[in-house]
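Analysis of the macromolecular model
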Amino acid sequence: AKAFYGVADSVLNRLEVGDEKTQEISTSIALKIDEIIRDLKVVNWKNNPDAQNEIRNEIDDFLYALRETEGLDLDVDSMDKIIEESIEIARKRNL
């Protein structure tokens with residue numbers, strides 16, 4: 001989850017929501033992304049576009065909900081960056 005934290009933190013730092021709030025939200029994002037990937041991965045998921053899309057959709061849904069509950073000014077490009085970089089990290093680390 002540490003690597004996912006780094007991705008989320010780098011995106012959220014640009015939003016200027018405050019250091020403590022950024023850390024709290026980045027931690028929440030990292031833990032949830034880790035949970036989603038572990039729950040939805042299947043054998044050979046790294047070569048399975050359907051499995052990857054399911055993971056993308058779940059992370060996307062989570063980020064949209066978080067954006068609403070936290071009142072974040074998180075745009076689609078920023079969410080896509082979090083999603084794509086997280087999936088790439090998971091692929092490289094064999095999660």
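Residues numbered from 1 in each chain as written. Predicted model: local features only at pLDDT ≥ 70, side-chain atom pairs only at ≥ 80, totals over all residues. Heavy atoms only, no water.

Let us now look at the environment of K2. Note on placement: K2 falls in helix α1 (residues 2-13). Spatially, the C-alpha atom of K2 lies 9.9 Å from that of S26, the residues being 24 residues apart in sequence. (Helix = DSSP H or I, 4+ residues; strand = E, 2+ residues; numbered from the N terminus.)

Packing of α1 against helix α2 (residues 19-40) brings their axes to within 8 Å, and their N-to-C directions diverge by 140°. Classified by the angle their axes make, α1 and α2 are oblique. Crossing geometry of α1 relative to α2 is assigned as right-handed. In contact with F4, Y5, A8, D9, L12 and N13 of α1, α2 contributes T22, Q23, I25, S26, T27, I29, A30, I33, D34 and I37. Here the residues of the contact of α1 with α2 sort into nine nonpolar, five polar and two charged. (Axes fitted to C-alpha atoms, helices over the stretch in contact; angles between N-to-C directions. Parallel < 35°, antiparallel > 145°, perpendicular 65-115°, else oblique. Left-handed = near helix turned anticlockwise from the far one by under 90°. Contact = heavy atoms within 4.5 Å. Nonpolar A, V, L, I, M, F, W, Y, C, P; charged D, E, K, R; others polar.)

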